[in-house]
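Residue-level structural notes
Okay, here's what each chain looks like letter by letter:
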Amino acid sequence: MWLIAGACVCAAAALVWTLAEGFVEPHSALAFGVLIAVGEIARITLPGHREVAPIASAGAIGYAVLSDVGGTVVHHPAQQVGAVVALGLAVGELPHLAVGRGPRWSDLSRRFLAPVAVAAVFRPFADVLAPTPGDWGVVLAVMAGLVIAAWTLDAALAAAIRAERLRTRFTVALRDEVRAQFGIGMAIGASGILITLATTVTGLVGLLVFTAPLLVTQVAFRRFADIRLTYLQTVRALSRVTEVGGYVETGHSRRVSRLASAVGCELGMRESELRELEYAALMHDIGQLSLRDPIASGATVLASPREQRRIAELGSAVIRETGVLDGVAELVRRQCEGCRGDGGDGPPPLGSRIIKVANAFDDLVGDSGDPDRTEAVLERLRMDAGEEYDPVVVEAASRVLTRPEARW
């Protein structure tokens, strides 16, 4: 909330100041404002629920470091940059709001604050840094440094928000954000600088020419996000087969997946590991389809160790047939092992140990919200910790399940 409040205050102050003083070079302001609005309309959502608007962000950065349009030096202040970016983003949000698709306000706030931070540093020295034939290298170095600094700050803010939302460690969230945003962040920064340099030579026409490469990049990222979403939807549909067939209780796979993911965040797992954990937790019981007689209520925790191992191995074999989820298959295969392992392969992966605890908890509690029953089951898991269940995972699950907002 502090980030959103800060962005609102900055936007309001910039708008009031600009309206009181009047717009400088209004044609440039209008052109960049339209570009930002169009880019916001075309925003995309990347894996991890990251909302980005590459064209809008590149246009905002370009306007923040703009110093020359077609050979004419421009003098707009940082406050005007904030006003133009705020208006552009607001106009771009209107079509989304009209169809009931509101923005992620924290992401929108970051899209506003990043170029404003660049402008606050660059605009006071814009006249000095206006490019001439002899100092392009210095100007480019300054622009690149500011863009990288702004991107680093933005990644840190995103990591802080993610760490708070998922209840995970800041260092883990920061590493995930840097990895996830590095490619598109560099594309946005480079395009913003290219837009600025292009308008120096070609005027405002350069806005159209140099947003094309970013548009191609945005299409590629959108396809990547669609593929990842299709994977998840397919896995979720496959996980429901056991429920429809009456092998497990309705909602069991979803509850195990949610609890496992929350425990994984509590233990500081990386985003890629959490994704595999979510897939494995959703499909952990798919091996039950091989059973002639379903287990009562689908509670594999009540089955014999031999039967548990058979279900896990058959489920793993089914998942391996996809050819792209070998890591998920391994988590499913070893979910029935004790926390120290059953063979010569050593302890099972952390994801398998988490699924074992989450599955046992839901088998014994189900969709009941009774806190006494929850505590009783946790005590039972603690009694078997050290041999059957990983004590670290059991305690992490206890912390997750006793939070006021926990709903499984």
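A brief report on the enclosed structure follows. None of the values given here were measured: they were computed from a predicted structure.

With respect to the overall build of the protein chain
For the protein chain, the helix and strand inventory stands at 16 helices and four strands. Expressed as a percentage of contacts within the protein chain between residues at least 6 apart in sequence, the contacts between residues at least 24 apart total 69%. Just so you have it, the protein chain exposes about 18,900 Å², and 63% of that area is on carbon and sulfur atoms. Looking at charge distribution, the protein chain has the averaged site of its 39 positive side-chain charges lying 2 Å from that of its 44 negative ones.

Observations regarding empty space enclosed by the protein
Overall, the coordinates contain three cavities of 30 Å³ or more when judged by the stated rule. Of the volumes computed, that of the largest cavity is approximately 290 Å³. Taken together, the elements giving at least two residues each to the lining of the largest cavity come down to β2 (50-52), α3 (54-64), α5 (105-122), α6 (136-166) and α7 (170-202). Split into classes, the residues belonging to the lining of the largest cavity amount to ten nonpolar, four polar and five charged. Taken as a whole, the second largest cavity encloses approximately 110 Å³ of empty space.

Here we look at the pattern of salt bridges
All chains considered together, the criterion is met by 28 salt bridges. The salt bridge partner of Glu51 is Arg43, with a shortest N-O separation of 3.1 Å. For Glu51, a relative accessible area of 7% corresponds to the buried category. By relative accessible area, Arg43 is classed as buried at 9%. Each member of the salt-bridge network shares a partner with another, and the members are Glu40, Arg43, Glu51, Glu93 and Arg111.

A closer look at helix α11 (residues 271-282)
Its twelve residues give α11 an end-to-end C-alpha distance of 17 Å, which sits within 8% of 16 Å, the value for a rise of 1.5 Å per residue. Taken residue by residue, α11 has Glu271, Leu274, Leu277, Glu278, Tyr279, Ala280, Ala281 and Leu282 as its buried positions.

Observations concerning the side chain of His252
Take His252: it is sitting in helix α10 (residues 252-266). Exposure remark for His252: the relative accessible area of 3% places this residue in the buried category. Polar side-chain contacts of His252 include one of 2.7 Å to the side chain of Asp362. Not counting chain neighbours up to four residues away, the residues in contact with His252 comprise Glu243, His284, Asp285, Asn359, Asp362 and Asp363.

Brief notes about the packing of α10 against helix α14 (residues 350-365)
As a packed pair, α10 and α14 sit with axes 9 Å apart at the nearest point and diverge in direction by 135 degrees. When the interaxial angle is binned, α10 and α14 end up oblique. At the point where α10 passes α14, the crossing takes the right-handed sense. Where α10 approaches α14, its residues His252, Arg255, Val256, Leu259, Ala260, Val263 and Gly264 are matched on the opposing element by Ile354, Ala358, Asn359, Phe361, Asp362 and Asp363. When the residues that make up the contact of α10 with α14 are grouped by side-chain class, the tally is seven nonpolar, three polar and three charged.

Details of the packing of aromatic side chains
Per the stated rule, a full pass over the model turns up two aromatic pairs. Residues Phe32 and Tyr63 carry aromatic rings whose centres are separated by 5.1 Å and whose planes lie at 35 degrees to one another, so their mutual orientation is tilted. Here the residue Phe32 occupies a position in helix α2 (residues 26-41), and Tyr63 occupies one in helix α3, the gap between them amounting to 31 residues. Considered together, Phe32 and Tyr63 belong to a single accessibility category, that of buried residues.

Let's talk about the environment of Ala280
Of note, Ala280 is situated in helix α11. Take Ala280: its relative accessible area is 0%, and that puts it in the buried class. When the C-alpha positions of Ala280 and Leu146 are compared, they lie 42 Å apart, and in sequence the two are 134 residues distant. The residues touching Ala280, leaving out its near neighbours within four places in the chain, are Val328, Leu331, Val332 and Ile355.

Some points on the packing of α2 against α3
One way to put it is that α2 packs onto α3 with a least axis distance of 7 Å and a crossing angle of 155 degrees. Considering their axes alone, α2 and α3 lie roughly antiparallel with respect to each other. Where α2 abuts α3, its residues Ser28, Ala29, Phe32, Leu35, Ile36, Gly39 and Glu40 lie against Ile55, Ala56, Gly59, Ala60, Gly62 and Tyr63.

Basis of the calculations
- Residues numbered from 1 in each chain as written.
- Predicted model: local features only at pLDDT ≥ 70, side-chain atom pairs only at ≥ 80, totals over all residues.
- Heavy atoms only, no water.
- Helix = DSSP H or I, 4+ residues; strand = E, 2+ residues; numbered from the N terminus.
- Contact = heavy atoms within 4.5 Å.
- Areas by Shrake-Rupley, 256 points an atom, 1.4 Å probe, with all protein chains shown as cover.
- Lys, Arg positive; Asp, Glu negative; His and termini not counted.
- Charge placed at Lys NZ, Arg CZ, Asp CG, Glu CD.
- 1 Å grid on protein atoms, 1.4 Å probe; cavity = no way out; pocket = protein on both sides within 12 Å on 5 of 7 lines; lining within 4 Å.
- Points joined across faces, edges and corners; volume = space filled by probe spheres on them.
- Nonpolar A, V, L, I, M, F, W, Y, C, P; charged D, E, K, R; others polar.
- Salt bridge = Lys/Arg side-chain N within 4 Å of Asp/Glu carboxyl O.
- Buried < 20%, exposed > 50% of the residue type's maximum accessible area, 1.4 Å probe, protein only.
- Expected span 1.5 Å × (residues − 1).
- Polar contact = N/O pair within 3.5 Å; in protein donor to acceptor, adjacent residues only side chain to side chain.
- Axes fitted to C-alpha atoms, helices over the stretch in contact; angles between N-to-C directions.
- Parallel < 35°, antiparallel > 145°, perpendicular 65-115°, else oblique.
- Left-handed = near helix turned anticlockwise from the far one by under 90°.
- Phe/Tyr/Trp six-rings, centres within 6.5 Å; stacked < 30°, edge-to-face > 60°.

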